[in-house]
Amino acid sequence: TYKEPTVEGEGWFELARHGKFAGQWRPKGAPNWSSWSGHREFDGLWESSYGLMRLVQEPERVLGFYEGQGPSAVEGRLENNRLNFRYRESRAQGEGYFELAADATGFHGEWCAEGTQQWAPWHGRRLAPVPGLLWLVVIEAHWQRSYLEKEYAFGHMLREFFTRLPHVNVRQRFFEDEAGLERWCRELMYLPEPVAVVFASHGTQDGLSIQGKPLNTSRLVENLRYADNILLLHFSSCLMLQDGKAGELARALQEAVRFPISGYDRSVDWAASALIEFHYLDMVLGRGLSPATAAQEVLRLIGYAGDKDLPGSPYPAAGFRIFMPNAR
């Protein structure tokens with residue numbers, strides 16, 4: 001329980017890893033929960049001399065991720081308030097160090113490229129999340145194969161609908177291949193606030209596909225493993241939560257990440273899935289329900305969302321599912 005001068009309430013914290021806790025809180029008598037997280041030492045999101053950087057502090061090491069000129073990483077060990085590390089970029093590597101400010105809101109340090117003796121400054125400022133702010137990110141495949149097909153995109157509809165909520169930032173990004181999908185998944189790490197992610201693409205028995213070609217999604221687990229700001233990942237695609245090959249990505253994510261994964265275990269009518277997802281995402285983003293509770297409400301309120309066909313329904317059963325994380 002917590003008590004402030006004008007309000008009191010309840011909450012919970014869970015140790016997400018050595019350097020971070022995550023939890024929720026709500027005032028006494030309030031129905032909805034809000035996020036409450038905390039970091040220590042270097043763990044967290046930083047605005048640095050070379051762009052946004054996510055640092056993940058574990059007991060024996062600190063990992064870091066930034067984009068640089070493509071996917072880049074640091075790894076090192078903490079000695080007192082000094083992090084000594086090696087960095088690796090697509091066309092360069094070297095060493096460096098960061099020293100944490102006394103108030104833990106910034107760091108200063110230097111880096112040196114391998115094979116040189118020249119050191120350069122590298123500074124950072126901690127980015128704190130804006131209280132109450134949420135993100136909806138739609139990562140969508142290009143659906144059209146020719147000029148003969150009309151323009152449509154599921155993300156356009158979601159953007160128009162959820163932009164009405166003042167506490168939700170909506171972003172829509174398109175991908176055409178594995179590299180594009182991986183890039184937008186990595187970028188999720190650099191958002192300070194909780195984010196609901198929607199993958200909008202064709203799903204087949206072989207998994208996610210674009211323009212009729214199956215995508216190699218084996219690297220997505222690593223791209224998303226440390227994106228612990230994700231509130232929910234939803235597959236707006238057919239078959240992605242089935243027991244067969246198509247569901248391998250969702251099951252691998254379930255074992256590796258700390259956020260829920262939802263979607264369908266069969267081929268689903270496009271309009272039926274859109275109606276389900278507007279309800280589902282509105283309950284999470286607009287009504288403050290947890291993804292697990294929202295999923296239960298979807299199955300309770302929308303008769304065709306589950307496994308059984310409804311007599312006389314124009315929509316076949318959608319097979320809506322949610323996987324809660326097994327990762328600890």
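The present account deals with the structure reproduced in this document. Throughout, residues of each chain are indexed from 1 in the direction in which the sequence is written. Selection of residues for local features in this predicted model requires a pLDDT of at least 70, selection of side-chain atom pairs for listing and counting requires 80 or more, and totals for whole chains, interfaces and linings are taken over all residues. Values shown for side chains rest on all heavy atoms present in the structure; no hydrogens or waters enter the calculation.

### Quick look at the packing of helix 5 (residues 270-285) against helix 6 (residues 291-301)
Helix packing for two helices is described by the angle between their axes and how far apart those axes are.
Then step 1. The axes used here are C-alpha line fits, helices contributing only the stretch in contact, and every angle between their N-to-C directions lies in the interval 0 to 180 degrees. Only DSSP runs of H or I covering at least 4 residues are called helices, and only runs of E covering at least 2 are called strands; the numbering of each starts at the N terminus. The interhelical angle for the contact between helix 5 and helix 6, taken along N-to-C directions, is 145°, at an axis separation of 9 Å. In the crossing of helix 5 with helix 6, the sense of the turn from one axis to the other is right-handed. Together, Ile276, Tyr280, Met283 and Val284 of helix 5 and Pro291, Ala294, Ala295, Glu297 and Val298 of helix 6 make up the contact between the two elements.
Then step 2. Residue classes follow a fixed rule: Ala, Val, Leu, Ile, Met, Phe, Trp, Tyr, Cys and Pro count as nonpolar, while Asp, Glu, Lys and Arg count as charged, and any other residue, Gly among them, counts as polar. Tallied by class, residues from the contact of helix 5 with helix 6 come to eight nonpolar, no polar and one charged. Left-handed describes a crossing in which the near helix is turned anticlockwise from the far one by less than a right angle; the clockwise case is right-handed. Every residue pair with non-hydrogen atoms within 4.5 Å of one another is taken to be in contact.

### Re the sheet that holds strand 10 (residues 93-100)
By definition, the strands of a sheet pair up through backbone hydrogen bonds, in either a parallel or an antiparallel sense.
Then step 1. Here, strands pair whenever DSSP counts at least two bridges between them. If you walk around this closed barrel you meet the eight strands as 5-6-7-8-9-10-11-12, and the pairing is antiparallel. Neighbour to neighbour, the strand axes of the sheet diverge by 30° on average, direction disregarded.
Then step 2. Bridge analysis of strand 10 against strand 11 (residues 106-113) gives seven bridges, and the strand direction is antiparallel. Each bridged residue has a counterpart across the sheet, and for Glu95 the counterpart in strand 11 is Cys112.

### Some thoughts on the pattern of salt bridges
Then step 1. Salt bridge, as used here, is a side-chain nitrogen of Lys or Arg placed within 4 Å of a carboxyl oxygen of Asp or Glu. A full pass over the atoms with the stated rule returns 24 salt bridges.
Then step 2. The partner of Glu60 in a salt bridge is Arg77, and the shortest N-O contact between them spans 3.5 Å. Taken together, the positions of Glu60 in the loop between strand 6 (51-57) and strand 7 (62-66) and Arg77 in strand 8 (residues 72-79) put the pair 17 residues apart, joining distant regions of the chain.
Then step 3. Through salt bridges with shared partners, a single ionic network connects Arg17, Lys20, Asp43 and Asp228.

### Some thoughts on unusual backbone geometry
Then step 1. The backbone phi angle of Glu41 is positive, close to 55°, even though this residue is not glycine.
Then step 2. Along the chain, the position of Glu41 falls in the loop between strand 4 (34-39) and strand 5 (44-48).
Then step 3. Three exposure classes are used, based on accessible area relative to the maximum for each residue type with a 1.4 Å probe and protein chains only: buried under 20%, partly exposed in between, and exposed over 50%. Using a relative accessible area of 30% as the deciding quantity, one classes Glu41 as partly exposed.
Then step 4. Despite not being glycine, Asn80 has its phi angle at roughly 60°, a positive value.
Then step 5. Residue position: Asn80 is located in the loop between strand 8 and strand 9 (82-88).

### Concerning a nonpolar patch on the surface
Then step 1. A contiguous nonpolar patch, built from Tyr152, Met157 and Trp270 and spanning about 290 Å² of accessible area, is present on the exposed surface.
Then step 2. Following the sequence through the fold, Met157 ends up in helix 1 (residues 154-162).
Then step 3. The exposure class assigned to Met157 is partly exposed, which follows from its relative accessible area of 35%. Only residues whose relative accessible area exceeds 30% and that form no salt bridge enter a patch; like-charged residues are grouped when within 9 Å of one another, and nonpolar side chains (Val, Leu, Ile, Met, Phe, Trp, Tyr) when within 5 Å. Method for areas: the Shrake-Rupley scheme with a 1.4 Å probe, in which residue coverage is limited to the protein chains shown.

### Comments concerning the sheet that holds strand 20 (residues 261-264)
Then step 1. The mixed open sheet is built from six strands, whose spatial order is 14-13-15-19-20-21. Strand pairing shows two members of the sheet lacking a second neighbour, strand 14 (168-175) and strand 21 (320-323), which therefore form its edges. Averaged over all pairs of adjacent strands, the angle between strand axes in this sheet comes to 15°, irrespective of strand direction.
Then step 2. Relative to strand 21, strand 20 runs antiparallel, the two sharing four bridges. Among the inter-strand pairings, Ser262 is bridged to a residue of strand 21, identified as Ile322.

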